[in-house]
Every structure is written in C-alpha cells, then in structure tokens.
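Chain by chain, the residues:
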Amino acid sequence: MNVLRRLVSNPTGAAGLALLAVIAAAALLAPWLSPGDPLRIAGPALLPPFTDPALPFGTDRLGRDVLAGLLHGARTSLIVGLAAAAAAVLIGSVVGTIAGFAGRLVDEALMRVVDAFQIVPGFLLALAFVSVAGGSLGTVILAIALSAWAQPARLVRAEVLSIRERDYVAAARVIGMHPLEIAFKEILPNALPPVLALAAVIVAAAILTEAALSFLGLGDPNVVTWGSMISEGRNVLRAAPFLSVIPGIGLVAAVLGVYLVSEAAGEALGRGGRP
Amino acid sequence: MRRALTLVRRRAISAIPVLLIVVVATFLMLEAAPGDAVDAYLLSAGGGDAALAASLRAQYGLDQSLLSRLFLYIAALGRLDLGWSVAFERPVLALIAERLPTTLMLMGSATALSFGLGSLLGVVAGSRPGSFRDRALSIGALTLYAIPGFWLGLVLVLVFSVSLRWLPIAGIETIASGKHGLARAADIARHLALPVAALGFIYLALFLRVMRSAMAEIWRQDFVLAARAKGLTRRRIVWRHVARAALLPLVTVLGLQSAGMLGGSVVIESVFAIPGFGRLAQEAVAGRDAPLLIGIILTSAVLVILVNLTVDLVYAVLDPRIGASEVSR
C-alpha cells in the first residue's frame, strides 16, 4: 500500500499509471464501448478521422471502424503481454530453481539450454515457432514466452544460489523436508521479488513482439491487433497515413505506461533507475 | 595477447554444446510442423500427384526417419554444408552469405549511430544527475525505447519520403542506376538512412540510459570526491573520470543488444524491402523452408557468439582485471 502511494505521488509513476489505466479501461470495456465484431464492415471505406461522429477515428480500406479496432486491439495487446510474461516468468522460475538447487550436472545442463535460448535472437525464435504452430493467440503467447524465459531463469538461479545457503534453508533440511519442497516452498518465494521487477520489462517486450509478429502477418487472423492494423494501414500509407499512425500511438502508450510504472516502482523501492 | 587467446579458446569450447542444443532444438521444432517443403513446393507449383511427391521426398531425403535426418544434418554441418533451400533452389550457405553483408552493414551503422549518439547524450544527462536536463533526456529516452521499430520506420517514411521527399521509400539502392564507386556508395547511404535510424534509435535510448545510470553511480564514489578536492574543473571530472569509468557497462550492453538488433532487423528489412538476412528469415517462413530457417537461426546464433566474444576481448583490453584469473587457472 505504501509503495502504491509513493508510486502515485511520483510524477513518473502517476503518468505511467494513468496511461495504463486508460488502456486497461479500453481493453476491459471494449465489448460495451464498441459492441459486435470489430472486424465487421461499419461504414464507407477510408473515411478520414474526425468527420463522422459515429466513426470518430474513421474507417480502413474495408470500411472497418478504426476506434473499435483500437479498443479491441488494446485487449489483445494486454492479454498477450500479461500471459506471455506470466508464462515466461513461470518457466524461468521453475528452470532457475531446479538449476540453482539441483547438483552441478543438472545445473550445467540446464544453463547450457538457457545459453542456447539467449543466443538465438528471441524474435527469430518466436517467428519460427509461430510459423510451425500456426497463428493463434495461444501459440503467439507461447512463442513469446519461449523467447523470453531465459533471462528470468538466469536471475532466479542466481537468487537461489545465494538463498540456499541461508540458515532457514538449513533448518528446513534438518526437519526432513523434501528437497523439492524446500526448493519451491522455502527458496522460490524469497527469490521472486527481483524477478517481478524484471516481469514488467518482459510484459513491455512481449507487447512489442506480438505487434511485430502480427505486423508481419503471423498473428491470429481472427483477432484485431494493433500490429495487424498498422500492417493493414501500410497498404494505403500515402492516401490514409492515420490508419498506421493511430494504432502505433496505442502501442507506444501501452509500452511507455509499463516502463514509467516500473521506473517509478524502482525508485520507490529504493534502487537506481533501470536501464 | 595470451590472455586473449585463452579467452577465445575457452569461448570456442563452451560454444559447441550450446550450438548443438540450438541445432537439435530447432530441428525438432521445425519437424513438428504439419506439412513439409515438398507440400509447399507442390502448392506453389500448382499441384502434383502422390508419385511425384514421393519421388521429391526421396530426392530431398525427407522419407528417412527423424533421427537419421538429424544425424545427417549434423554431419553435414561439420563440413560447413547447411543443406539445400527448397524455396530458392540454391544451397542455404550461399543464400545466407549473399544476404548477410547487407544486414551487417545495416546493423553496424545502427550500432554506431546508437552507441555514439546514445553515449554522448548519456554523458549530457549523467553529468548532472537529477537536473532538469537529466530528467528530460531520461523520459525522452524512455519514450523512444517504447516505440516499436517497424512503426518508427513507417512514420519516418511518412515524414521524410512521402511528405518531404528527401529520401527514397524502400530498397537498398536505385535499381539499374548504373552508378559506380562513390556515387553508388552515396546512393546506398541515402537508402539506408531511414532503416538505420529506425533500427538504431531504440538502442540509442538504451545506451543513453545505461550511460546515465552508470554515471549517476560513479558520482558517488570516492575518487570523484578526490578529483574535486584536487580542484579539477567540472568538465574534466565529467569527461576524464566519470564518463570514462561509465564506459565499461556500456560495452557489455553492446554485446547484449546484438541478438535483439538481429531480431529487429527482420521487421525493419520487411518495412523497407531491403533484401537482407532478416528478410530472408521471413521468406523462409513464408516458403516453409525448414533447412533455410535452421540455417538462419544457426547463423544468427554464431553471429551473436562472435559479437559477444569481440565484446569480451575489448573488455579484457579496457579492464586488465578481467580474464586474469582465467589464465592462471
């Protein structure tokens, strides 16, 4: 609670929270603010913005409502960002805990796998995975998680290595707890705080990766995303630049909101600014 | 020199198992895909009968078992044979070698831009931590860092190519321009200006912030106090003592961002229709070209390892403490 109050009193944090609140509201209220399928034809094609009060942001090449796409796109971006980051942190925590707690051989083997995932550019990996598994929301989330779990795994392992020597872990061992129980009940919860700080950055990166994937046409074709809207608008970049510009502003706002909040949270928790 | 050689040898040895994991994992992942290159080829060729499909599969070795194909592939890798691209009907290695220089030029220019300008602005921000100038630059960098590269590319095209008509919209050079030497280089530079900016600006923000926060840390250290007590000018303290010491973490980030930049070049090259390595990746995906895709992923992994090795060598030169223990071991 105290941290939250300090977050709001910090102008950086307040601005970030405001941005995120607007986007979260758009995402949550999208079915009520613009009911129906956002991919349906709502009016004449290529209507410029601010001309028709019923379609304030205009329409795209096929006459689809840009505002509806923007609202429903916020939903997709947030779902993918949060789910992919959660999955990445989950995979990373499990692998990192096992690597840090198990013997040298398991540790060595797992860390080589982590190395392998860090060496391959995450976006290439996600691209290859989506091309194999097909473009649905689930596979996109999994692809992004797959490209992002290595960093939390490394961090959790480092934390576990320092925590496993503490007295309370020794005490747990003395009372005969199972090693796995010690690892996941005693060590992991204490190793998590720095990982949660990293999670914010992963959410932002996941939103950007999803946008890039759907920009390349590899996202879920049945869901509106900001990336696919930009890609659609690119076909008429000269005639209707607003079609690519408007969804991009949504993307910047969402990612910037996450960065601002994580920066302010870092200041509130008393560590230096995150690079 | 001996230190550097030891470092290179140790890195090369540790890279082999990691690369092997990359190969096996990528191979298995692409094998799990429904349909293969022959399906994609028949689709693009407009169809064919089962006998043709079977003979094509036999020709490409696709009728053998998974394990035997994996071993064949790894054995071929040992001879630097990356296989045959079905979509392009050419050896994978030749394709990659043809496309890679363009992307390296793009990435090199973008790195130079982001490192140079980013660290310079980082010094401006970090010379007075907490000042208005610092806050403004930091927030500006954060905003820049939040912009997706492909969107920045489109906006730059809108401003500089569509509205102002200063720079070309896409491509790597004017087609059939007949230019040679310097004129051709200038033509390529004009074409690369926007993609380099789109790719580099994001990392510019990263370098700025790393430089700034490293400097903010260093201001608190004793040797800065000593420099002040000696009566050195502020300018001299900023440049000769604080900024110089803050350069080390920046070099680390230089290595860390190479994988990200390689991934970013896929989208940027698609936006600007640059026939480079990143675009090749997208074409491999579109053509369901598994051998090409594995080759691309493997090449990028090797590239990232090489960049990190270079960074480590630079680091060893800059900081004599690094690597000293590795030699004595």
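Quantities reported herein were computed from a predicted structural model and do not represent experimental measurements. Each chain carries its own residue numbering, running from 1 in the written order of its sequence. Here every chain gets a letter starting at A, and every ligand a number starting at 1, in the order they are written. Residues qualify for local features only when their pLDDT is at least 70, as the model is predicted, and side-chain atom pairs are given and counted only at 80 or more; totals for whole chains, interfaces and linings, by contrast, use all residues.

Draft legend 1. Spotlight on the overall build of chain A. Helix numbers and strand numbers start at the N terminus; a helix is a DSSP run of H or I with at least 4 residues, a strand a run of E with at least 2. Along chain A, the regular secondary structure elements total 11 helices and 0 strands. Ordered by position from N to C terminus, the α and β elements of chain A give α-α-α-α-α-α-α-α-α-α-α. Seen through its C-alpha atoms, chain A measures out along the principal axes to roughly 75 × 45 × 30 Å. Buried, partly exposed and exposed are defined by the number of other C-beta atoms within 10 Å of a residue's own C-beta, namely 20 or more, between the two limits, and 12 or fewer respectively, with C-beta atoms placed from the backbone. Out of the 275 residues belonging to chain A, those deemed buried represent 50%. Of the contacts formed within chain A by residues at least 6 apart in sequence, a portion of 68% connects residues at least 24 apart. By the convention adopted here, residues make contact when the C-beta atoms placed from their backbones lie within 7 Å.

Draft legend 2. Local environment of the overall build of chain B. The number of helices and strands found in chain B is 13 helices and 2 strands. Referenced to the eigenvectors of the C-alpha coordinate spread, the extents of chain B come out at roughly 85 × 60 × 40 Å. Across the 329 residues in chain B, those meeting the buried criterion constitute 39%. Sequence-distant contacts in chain B: of pairs separated by 6 or more residues, those separated by 24 or more amount to 75%.

Draft legend 3. Examining the packing of helix α10 (residues 234-271) of chain B against helix α11 (residues 277-286) of chain B more closely. All names here are of chain B. Packing of α10 against α11 leaves a shortest axis separation of 7 Å and a crossing angle of 85°. By the angle class used here, α10 and α11 are roughly perpendicular. Across the interface between the two elements, S265, V266, I268, E269 and S270 of α10 pack against G278, R279, A281 and Q282 of α11. Residues are grouped as follows: Ala, Val, Leu, Ile, Met, Phe, Trp, Tyr, Cys and Pro are nonpolar; Asp, Glu, Lys and Arg are charged; all remaining types, including Gly, are polar. In terms of residue class, the contact of α10 with α11 is built from 3 nonpolar, 4 polar and 2 charged. Think of each axis as a best-fit line through the C-alpha atoms, taken over the contacting stretch in the case of a helix, with angles from 0 to 180 degrees between the N-to-C directions. Roughly parallel covers angles under 35 degrees, roughly antiparallel covers those over 145, roughly perpendicular covers 65 to 115, and oblique covers all other angles.

Draft legend 4. Molecular detail of the nonpolar core. Defined on buried residues, the nonpolar core groups Ala, Val, Leu, Ile, Met, Phe, Trp, Tyr and Cys residues joined through C-beta atoms within 7 Å. If you look at the biggest cluster of nonpolar residues, it comprises 171 residues, and the most contacted ones within it are L127 and V255 of chain A. Among the elements that line this core, the one with the most residues is helix α9 (residues 179-215) of chain A, at 19 residues. Each residue touching V255 of chain A, except ones within four places of it in the same chain, is listed here: A204, I207 and L208 of chain A together with A146 of chain B.

Draft legend 5. Geometry of the interface of chain A and chain B. Taken residue by residue, the interface counts 38 residues in chain A and 47 residues in chain B. Elements supplying a minimum of two residues to the side of chain A that touches chain B: α4 (104-119), α5 (122-133), α9, α10 (226-234) and α11 (242-268) of chain A. Of the residues belonging to the side of chain A that touches chain B, the class tally is 27 nonpolar, 6 polar and 5 charged.

Draft legend 6. Quick peek at the confidence of the model for chain A. The score called pLDDT rates the predictor's confidence residue by residue, from a low of 0 to a high of 100. Scored by pLDDT, chain A has a mean of 86; 96% of the residues are at 70 or more. Mean pLDDT in chain A bottoms out at helix α1 (residues 2-9) of chain A, which sits at 74, and peaks at helix α6 (residues 137-148) of chain A, which reaches 92.

Draft legend 7. Focus on unusual backbone geometry. Residues and elements named next belong to chain B. If you check the backbone angles, E89 has positive phi at about 55° while not being a glycine. Mapped onto the elements, E89 comes out in the loop between β1 (84-85) and β2 (90-91). A positive phi is found at A273, a non-glycine position, where the angle reads about 50°. You can see A273 is positioned in the loop between α10 and α11.

Draft legend 8. Highlighting the environment of V266 of chain B. In this fold, V266 of chain B is placed in helix α10. Residue class for V266 of chain B comes out buried when judged on the 27 C-beta atoms lying within 10 Å of it. Spatially, the C-alpha atom of V266 of chain B lies 28 Å from that of R79 of chain B, the residues being 187 residues apart in sequence. When neighbours within four sequence positions are excluded, V266 of chain B is seen to be in contact with F123, L124 and L127 of chain A together with G278, A281 and Q282 of chain B.

Draft legend 9. Layout of the confidence of the model for chain B. All names here are of chain B. Across chain B, the average pLDDT comes to 84, with 96% of residues at or above 70. Taken element by element, the predicted model of chain B shows its lowest mean pLDDT in helix α13 (residues 324-328) (47) and its highest in helix α5 (residues 92-126) (91). The complex prediction reports pTM at 0.88, with the ipTM value standing at 0.87.

Draft legend 10. Quick peek at the environment of V174 of chain A. Residues and elements named next belong to chain A. The residue V174 is located in helix α8 (residues 167-174) in this model. Residue classification places V174 among the exposed residues on the basis of 8 C-beta atoms within 10 Å. Along the backbone, V174 and V255 are 81 residues apart, and their C-alpha atoms lie at a distance of 47 Å.

Draft legend 11. Main features of the packing of α5 of chain A against helix α1 (residues 2-31) of chain B. Relative to each other, α5 of chain A and α1 of chain B sit at 25°, their axes nearing to 9 Å. Relative to α1 of chain B, the element α5 of chain A is oriented roughly parallel. Here A128, F129 and V132 of chain A of α5 of chain A come into contact with α1 of chain B, specifically with T26, M29 and L30 of chain B. Residue composition of the contact of α5 of chain A with α1 of chain B, by class: 5 nonpolar, 1 polar and no charged.

Draft legend 12. The arrangement of the environment of R321 of chain B in detail. Residues and elements named next belong to chain B. Structurally, the position occupied by R321 is in the loop between α12 (290-318) and α13. Under the C-beta neighbour-count criterion, R321 is labelled exposed, with 7 such atoms within 10 Å. Residues R321 and I305, spaced 16 residues apart in sequence, show a C-alpha to C-alpha distance of 22 Å.

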